[in-house]
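# Examination of the molecular architecture
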Amino acid sequence: MKTFVIGIGGVTNGGKTTLAKRLHTELPNCSMISQDDYFKPDSEVAVDENGFKQYDVLDALNMEVMMARVYSWIKQPRNTLNSTEEYEKSQNILGTKDDIHVLIVEGFLLYNYRPLNDVFNRRYFLTVPYEECKRRRSTRVYVPPDPPGYFDGHVWPMYLKNTQDMEDITKDIVYIDGTKSENDIYSHVYSDVKEALSGLQSTTTS
Ligand SMILES: Nc1ncnc2c1ncn2[C@@H]1O[C@H](COP(=O)(O)OP(=O)(O)OP(=O)(O)O)[C@@H](O)[C@H]1O
Ligand SMILES: NC(=O)c1ccc[n+]([C@@H]2O[C@H](CO)[C@@H](O)[C@H]2O)c1
């Protein structure tokens, strides 16, 4: 039994969840963890001098709790070949009976956190330019909702800083143009993953 951990990172509203959910549905033996589920309670998130809650930094997240979940999956992957359909899916995709378990981790701050960055076999990063990102974000309602000026006063500056830090930590990232259609993005990543899984299969033994 082997494991393969995929990171779907990128800018806010880059389409991470959309892509991750589809891969999760299509890949056999696949589990998914979303970083957004690990935000600290609002009362524990710092506020800056302009009154903006500092949500777009690692300190806003319970990364230790998230890592515990990731390590626990690696130790004992949850999804097994538990149905004929899953079994056939794995044969179609991998062309083999071999047992590979896939974990998708999706979120906006994956590669800046070294312990998490270290577990990825493949790192994707969805990008969207400033204007399109701001437009998409304005259609979303978070809890709590973005106050006026939040995108320019916190979200985008933190994205630029986090991306810079990320590039200092890891170079091994596959950048994806998030303005392409959902289908194009999915097909591209799916073929890439499939190729990587086949490689894993032929180079290792269980
Ligand atoms: N390829 C795409 N082209 C155009 N719009 C897209 C595309 N993918 C996703 N969207 C839209 O962009 C918005 C954000 O998508 P999604 O929730 O997948 O992004 P995200 O990166 O997970 O966002 P978050 O910052 O909340 O983590 C949604 O309204 C979604 O429908
Ligand atoms: N999920 C949350 O608790 C929450 C609260 C406030 C803001 N956000 C935003 O989520 C994005 C990541 O998906 C970040 O850009 C946060 O600003 C999330």
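Owing to the predicted nature of the structure, the values given are computational and were not obtained by experimental measurement. Just so you know, the residues in each chain are numbered from 1, in the order the chain's sequence is written. By the order in which they are written, chains take letters starting at A while ligands take numbers starting at 1. Owing to the predicted nature of the model, reporting of local features is limited to residues with pLDDT of at least 70; listing and counting of side-chain atom pairs is limited to 80 or more, with chain, interface and lining totals taken over all residues. By convention in this description, side-chain values take in all heavy atoms of the structure and omit both hydrogens and water.

### Some words on the overall build of the protein chain
A run of H or I in DSSP counts as a helix once it spans at least four residues, and a run of E counts as a strand once it spans at least two, with each numbered from the N terminus. Helices and strands together make up the secondary structure of the protein chain, namely 7 helices and 5 strands. Residue exposure (1.4 Å probe, protein chains only): buried if accessible area is under 20% of the type maximum, exposed if over 50%, otherwise partly exposed. Every one of the 206 residues in the protein chain was classed for burial, and the buried ones make up 47%. In the protein chain, 78% of the contacts between residues at least 6 apart in sequence involve partners at least 24 apart. Counting every atom, the protein chain has about 10,700 Å² of accessible surface; 49% of that belongs to carbon and sulfur. Two residues qualify as a contact provided that any one of their heavy atoms is within 4.5 Å of a heavy atom in the partner residue. Surface accessibility in these figures is a Shrake-Rupley result with a 1.4 Å probe; residues are shielded only by whichever protein chains are displayed.

### Things to note about unusual backbone geometry
In this structure, Pro 144 follows Val 143 across a cis peptide bond, with omega equal to 0 degrees. If you trace the backbone, Pro 144 turns up in the loop between α5 (130-138) and α6 (150-169). The phi angle at Asn 13 is positive, at roughly 65 degrees, despite the residue not being glycine. Looking at where Asn 13 falls in the secondary structure, it is placed in the loop between β1 (2-10) and α1 (16-26). Note on Asn 13: relative accessible area 11%, which makes it buried. The phi angle at Asn 29 is positive, at roughly 50 degrees, despite the residue not being glycine. Within the secondary structure layout, Asn 29 lies in the loop between α1 and β2 (30-34). Note on Asn 29: relative accessible area 1%, which makes it buried.

### Focus on the site of ligand 2
Near ligand 2 you find Thr 12, Asp 36, Phe 39, Tyr 55, Asp 56, Phe 108, Arg 137, Tyr 142, Val 143 and Pro 144, and these make up its full shell. At 2.5 Å, a side-chain N or O of Asp 56 approaches an oxygen atom of ligand 2. For ligand 2, the protein covers 88% of the area, taking 410 Å² as the surface of the free molecule. For the shell around ligand 2, the class distribution of residues is 6 nonpolar, 1 polar and 3 charged. What makes a residue near a molecule or strand is one non-hydrogen atom of that residue sitting within 4 Å of it. In protein, a polar contact means a hydrogen-donor-capable atom and an acceptor-capable atom, both N or O and within 3.5 Å, with residues adjacent in sequence counting only if both atoms are side-chain atoms; elsewhere, any N or O pair within 3.5 Å suffices. Nonpolar residues are Ala, Val, Leu, Ile, Met, Phe, Trp, Tyr, Cys and Pro. Charged residues are Asp, Glu, Lys and Arg, and all others, Gly as well, are polar.

### Remarks on the confidence of the model for the protein chain
Each residue carries a pLDDT score, the predictor's own confidence in it, on a scale running from 0 to 100. Summing up the model confidence of the protein chain, the mean pLDDT is 91 and the portion of residues at 70 or higher is 88%. Here the predicted complex scores 0.92 on pTM and 0.98 on ipTM.

### Here's the deal with the pairing of strand β5 (residues 174-177)
The side-chain alternation of β5 yields one buried face, formed by Val 174 and Ile 176, and one unburied face, formed by Tyr 175 and Asp 177. Where strand β4 (residues 122-127) meets β5, 4 bridges bridge the pair, whose relative direction is parallel. What sits directly across from Thr 127, in β5, is Asp 177. Between any two strands, pairing holds if DSSP finds at least two bridges.

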